[in-house]
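# Structural characterization, general
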Amino acid sequence: MAAVNGWATKLAGLLLGGMVAAIAVSVSVRLLYSYSGIRLSAPWAEEVARYLMVASVFLGGAVAAFQKRLIGVDAFVSMMPEKLARWVRAVAHLLTLGLALLIVWQAAALVEFGLRQWSPVMRMPMAFVYAWVLLGAALMAANTLLHTIGEIIGAEEPHDVEIDEDAAEILAQEGVKS
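This report concerns the structure included in the present document. None of these values were measured; they are calculated from a predicted model. (Residues numbered from 1 in each chain as written. Predicted model: local features only at pLDDT ≥ 70, side-chain atom pairs only at ≥ 80, totals over all residues. Heavy atoms only, no water.)

### Looking at a nonpolar patch on the surface
A surface patch of nonpolar side chains, amounting to about 460 Å² of accessible area, comprises Trp87, Leu145, Ile149, Ile152 and Ile153. If you tally residues by element for the nonpolar patch, the top one is helix α5 (residues 127–153), at 4 residues. When you line up the elements, isoleucine 149 lands in helix α5. By relative accessible area, which is 36% here, isoleucine 149 ends up partly exposed. (Patch = residues over 30% accessible without salt bridge, like charges linked within 9 Å, V, L, I, M, F, W, Y side chains within 5 Å. Areas by Shrake-Rupley, 256 points an atom, 1.4 Å probe, with all protein chains shown as cover. Salt bridge = Lys/Arg side-chain N within 4 Å of Asp/Glu carboxyl O. Helix = DSSP H or I, 4+ residues; strand = E, 2+ residues; numbered from the N terminus. Buried < 20%, exposed > 50% of the residue type's maximum accessible area, 1.4 Å probe, protein only.)

This is how it looks when you write it as structure tokens:
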């Protein structure tokens, strides 16, 4: 799961960079044309920026869920005894998981609908845009499920919950049970 989230982090950064570049092109074209007296814009750049923003937000949300950086108020939880705090965090993870699964369900319906809907300027199926929502929410659900299991069994970090096959083989060779 850590490898998938590493990939998602890099991809979210690239999408964010693409969004910034598309906005820079849009503003530059508008500025150059307005100084030359031509009233013209680059609507494709604005549309690309919007769609890249959607993709980076949902992939970034999945990465934030993996790194336990989603917004939350933990002032009261930090004052609780550790055993109770762990269960409160598990319930919070379950609520987040429910929200992520709801988004997955709705995004799947949007992807299906998006096959029949086209973007206004670039004329591409909107399913491509909605697929980023589906992918990000599915990764967020998987990451949140991992944290929920971790809280219940008492693991500190996500990598404590799962063990890589290569690591398990090395541990087995050294006589350590996983």
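Past the structure itself, the notes keep going.
### Brief notes about the layout of surface pockets
Empty space within the largest pocket amounts to approximately 700 Å³. Elements with a minimum of two residues in the lining of the largest pocket: α3 (75–79), α4 (82–114) and α5. Among the elements that line the lining of the largest pocket, the one with the most residues is α4, at 8 residues. Looking at the lining of the largest pocket residue by residue, the classes come out as 10 nonpolar, 7 polar and 9 charged. (1 Å grid on protein atoms, 1.4 Å probe; cavity = no way out; pocket = protein on both sides within 12 Å on 5 of 7 lines; lining within 4 Å. Points joined across faces, edges and corners; volume = space filled by probe spheres on them. Nonpolar A, V, L, I, M, F, W, Y, C, P; charged D, E, K, R; others polar.)

### Considering the environment of glycine 17
When you line up the elements, glycine 17 lands in helix α1 (residues 2–35). By relative accessible area, glycine 17 is classed as partly exposed at 39%. Distance from glycine 17 to leucine 52, taken between C-alpha atoms, is 8.9 Å for residues 35 residues apart in sequence.

### Regarding the pattern of salt bridges
Using the criterion set out here, one finds 3 salt bridges in the structure. Of the charged contacts, one joins lysine 68 and glutamate 151 as a salt bridge, the two residues approaching to 3.9 Å between their closest N and O atoms. With lysine 68 in the loop between α2 (43–66) and α3 and glutamate 151 in helix α5, this residue pair connects regions lying 83 residues apart in the sequence. Residue classification places glutamate 151 among the buried residues on the basis of a relative accessible area of 6%. Glutamate 82 is the partner of arginine 89 in a salt bridge, and the nearest nitrogen-oxygen pair spans 2.7 Å.

### Comments concerning the nonpolar core
Judged by nonpolar contacts, the single largest core of 18 residues is most densely connected at Ala8, Leu15, Leu59, Leu139 and Met140. Per-element tally for this core: the top contributor is α2, with 7 residues. Those residues in contact with methionine 140, other than ones at most four positions away along the chain, are Gly61, Ala62, Ala65 and Ala100. Membership of the second largest hydrophobic core comes to 6 residues, among which are Tyr51, Val111, Ala127 and Val129. (Core = buried A, V, L, I, M, F, W, Y, C linked by side-chain atoms within 4.5 Å. Contact = heavy atoms within 4.5 Å.)

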